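# A structural walkthrough
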Amino acid sequence: MKLKAIIAASIALFACAATAQVKPGIEVLRDNNFESLRGKRVGLITNPTGIDNNLKSTVDILAEAPGVELVALFSPEHGVRGDVYAGDTVSHMVDAATGVPVHSIYGKTRKPTPEMLKNVDVLLYDIQDNGCRSFTFISTMGLAMEACAEEGKEFMVLDRPNPISGNKIEGNLTEPDCISFVSQFPIPYLYGLTPGELANYLNEEGLIGKGKKVKLSVIPMEGYTRDMDFRATGMPWVLPSPHMPTPESVIYYPVSGILGELYAMSIGVGYTEPFKLFAAEWIKAPELTKRLNDRNIPGVKFRPIYIKPFYSTGQGKNYQGVEAYVFDPEAAPLSMVQFYVMEELADMYPDHKLFDIADKKRYSMFDKVCGSKEIRKRFTERYKAADIEEYWNKDAENFRAASAKYHLYK
């Protein structure tokens, strides 16, 4: 039976690799016999999403690679092996499988220190991002680039897809008073670049280390085109955080994630449909559904939903609301959907305007994720999405033009 199970697992992994149209950077590096790493002491920033198309970890690939000296691992949020719960501090440790020391860069230290880098010649980055500025992995990447620039170390990105697509750009640039770990750099909320392209943009535009450049190289993917979302790549999906269980999750994250920072209603996180829902005890599902569908939002439809979530903000209460369906991510104004929802709810339930019922301590995180205090200030004057639409979109086309020179894929 054991032999049959091993054979079945091997066939499944082969099938997974065979259906992938895209090779991630780690596979391209391996195909080239790791030439760019030979004779160098290698550090690696990764998590469980750093895999080849057979689900083998980049950690293990590099640890076993002939001629490669893997000397240090650097752990972002959730840990190198994914064994740290969301938001928990990552500790310094030794990776049990390889014996390689693991340095925490999620906790008090978010930027590699000179001590961490002293035995490293080149620091690699291999993480599947979600294409949204507020996801902390790109902040980790940029701060690591800054540390390498300061210490004279090389930095290499093993590239992966932008899972929403390389064309989707939405949101204003982060403003100086909202720079934080959830909006570390002045880029749009949805920035339409792969990690390697973004690294080139940050480096060449002087956005790391007070304009200091790092010696940067990118190992590009093979088979990727920028119109692909993750599903089109055929690559296996490993959830980059507990609330991103499927490739579809990244499409819905910008639909409700900003509103979710208020903790004023359920957006499905902790339930079976993370980021797809807008629900609360006081909502009447049919009316909200009709109002939102009557808006004819491009690429998006809604249906009524009734749930009883068992988690901290639900406690087994009966909730009603809507479930969003994004049929056309390219056409849909993904990040504006939550503001349309808030507008309709404010009109239906004036006593339940979300900023009024939310804890005001949450305003700061809302602003940081938006990258601007203006969004909240303008929206709460009348609870009209039209009052922020122009401001929210004001930087998108300029960024599209400025970032195009760093595109690595057609």
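Just so it is clear, the model here is predicted, and its values are computed rather than measured.

## What to know about the packing of helix H13 (residues 374–382) against helix H14 (residues 386–393)
For the pair H13 and H14, the least separation of the axes is 8 Å and the interaxial angle reads 165°. It follows from the interaxial angle that H13 and H14 lie roughly antiparallel. Remark: the crossing between H13 and H14 carries right-handed chirality. Listed contacts from H14 to Glu-374, Ile-375, Arg-378, Phe-379 and Arg-382 of H13 are Asp-387, Ile-388, Tyr-391 and Trp-392.

## A look at the sheet that holds strand S1 (residues 41–46)
Pairing in this open sheet of seven strands is mixed, and the strands run S3-S4-S2-S1-S5-S6-S9 from one edge to the other. Whereas interior strands pair on both sides, the edge strands pair on one side only; in this sheet they are strand S3 (93–94) and strand S9 (215–219). As paired elements, strand S2 (residues 69–75) and strand S4 (residues 101–104) share three bridges and run parallel to each other. Counted as the bridge partner of Leu-73 is Val-102 from S4. Seen against the sheet, helix H5 (residues 137–151) touches S1, strand S5 (122–126), strand S6 (154–158) and S9 and runs at an angle of roughly 155° to S6. Its contacts with the sheet put helix H6 (residues 195–204) on S5, S6 and S9, and the angle it makes with S9 is roughly 160°.

## Quick notes on the pattern of salt bridges
Counting across every chain of the model gives 33 salt bridges. In this structure, Glu-35 and Arg-38 form a salt bridge, with 3.5 Å as the shortest nitrogen-oxygen distance. On the accessibility criterion, Arg-38 (35% relative accessible area) is partly exposed. The partner of Asp-177 in a salt bridge is Lys-373, and the shortest N-O contact between them spans 3.9 Å. Of this pair, Asp-177 sits in the loop between strand S7 (169–170) and strand S8 (190–191) while Lys-373 sits in the loop between helix H12 (363–370) and H13, placing them 196 residues apart in sequence. Taken together, the salt bridges that share partners define one network made up of Glu-287, Arg-291, Arg-295, Glu-343, Glu-344 and Asp-347.

## Structural notes on the packing of aromatic side chains
Within this structure, the stated rule accounts for 18 aromatic pairs. Aromatic ring contacts, followed pair by pair, group Phe-339, Phe-355, Tyr-363, Phe-366, Phe-379 and Tyr-383 into a single cluster. Between the NZ or CZ atom of Lys-276 and the centre of the ring of Tyr-325, over which it lies, the distance is 4.0 Å. Positioned over the ring face of Tyr-391 is Lys-394, at 4.8 Å from the centre of the ring.

## Points about helix H10 (residues 337–348)
Helix length check: H10, at twelve residues, gives a terminal C-alpha distance of 17 Å against a target of 16 Å (1.5 Å per residue), a fit within 8%. The buried fraction of H10 is high, at eleven of twelve residues. Buried within H10 are the following residues: Val-337, Gln-338, Phe-339, Tyr-340, Val-341, Met-342, Glu-343, Glu-344, Leu-345, Ala-346 and Met-348.

## Brief notes about the pairing of S5
Burial runs high along S5: five of the five residues are buried. Side chains of S5 alternate between two faces, with Val-122, Leu-124 and Asp-126 and Leu-123 and Tyr-125 buried alike. Two strands pair when backbone bridges link them, and S1 and S5 are joined in this way by five bridges, in the parallel orientation. Bridge assignment links Ile-45 to a residue of S5, and that residue is Tyr-125. Bridge analysis of S5 against S6 gives four bridges, and the strand direction is parallel. What sits directly across from Tyr-125, in S6, is Val-157.

## Comments concerning helix H8 (residues 249–260)
With twelve residues, H8 should cover 16 Å at 1.5 Å per step; its first-to-last C-alpha distance of 14 Å lies more than 12% under that length. Extensive coverage of H8 is indicated by the burial of twelve of its twelve residues. Of all the residues in H8, the buried ones are Ser-249, Val-250, Ile-251, Tyr-252, Tyr-253, Pro-254, Val-255, Ser-256, Gly-257, Ile-258, Leu-259 and Gly-260.

## Thoughts on the confidence of the model for the chain
Confidence in the prediction for the chain averages 93 pLDDT; 92% of positions are at 70 or higher. The model gives residues 6–13 a pLDDT under 50, and that stretch makes three contacts with residues more than four places away or in other chains.

## A look at the pairing of strand S12 (residues 319–326)
The buried fraction of S12 amounts to seven of the eight residues, a majority that puts the element mostly inside the structure. Of the pairings in the sheet, the one linking strand S10 (residues 277–280) to S12 comprises four bridges and is antiparallel in character. Across the sheet, the residue bridging to Ala-279 is Gly-321, located in S12. The pairing of strand S11 (residues 300–307) with S12 spans eight bridges and is classified as antiparallel. The residue bridging Ile-307 from the neighbouring strand is Tyr-319, located in S12.

Reading guide: rules and limits
All residue numbers here refer to positions counted from 1 along the written sequence of the relevant chain. Only residues with pLDDT of 70 or above have their local features reported here, since the model is predicted, and side-chain atom pairs are shown and tallied only from 80 upward, although totals for entire chains, interfaces and linings are computed over all residues. As a convention, hydrogens and water are excluded, and side-chain values are obtained from all of the structure's heavy atoms. Simply put, an axis is a line fit to the C-alpha atoms, just over the touching stretch for a helix, and the angle between two N-to-C directions goes from 0 to 180 degrees. Numbering of helices and strands starts at the N terminus; helices are DSSP runs of H or I of at least 4 residues and strands are runs of E of at least 2. Between 65 and 115 degrees an angle is taken as roughly perpendicular, under 35 as roughly parallel, over 145 as roughly antiparallel, and anywhere else as oblique. Left-handed describes a crossing in which the near helix is turned anticlockwise from the far one by less than a right angle; the clockwise case is right-handed. The contact criterion used throughout is that any non-hydrogen atoms of two residues lie within 4.5 Å. A pair of strands counts as paired when DSSP detects no fewer than two bridges linking them. Salt bridges are identified by distance alone: a Lys or Arg side-chain nitrogen within 4 Å of an Asp or Glu carboxyl oxygen. In this scheme, a residue with accessible area under 20% of its type's maximum is buried, one over 50% is exposed, and one in between is partly exposed, where area comes from a 1.4 Å probe on protein chains only. Only centres within 6.5 Å qualify two rings of Phe, Tyr or Trp (six-membered ring in Trp) as a pair; their planes then separate them into stacked at under 30 degrees, edge-to-face at over 60, and tilted for everything else. Note on geometry: a ring has a charge over it if NZ (lysine) or CZ (arginine) is within 6 Å of the ring centre and within 35 degrees of the ring normal. The span one expects for a helix is its residue count, reduced by one, times 1.5 Å. Every residue is assigned a pLDDT by the predictor, reflecting its confidence on a scale from 0 to 100.

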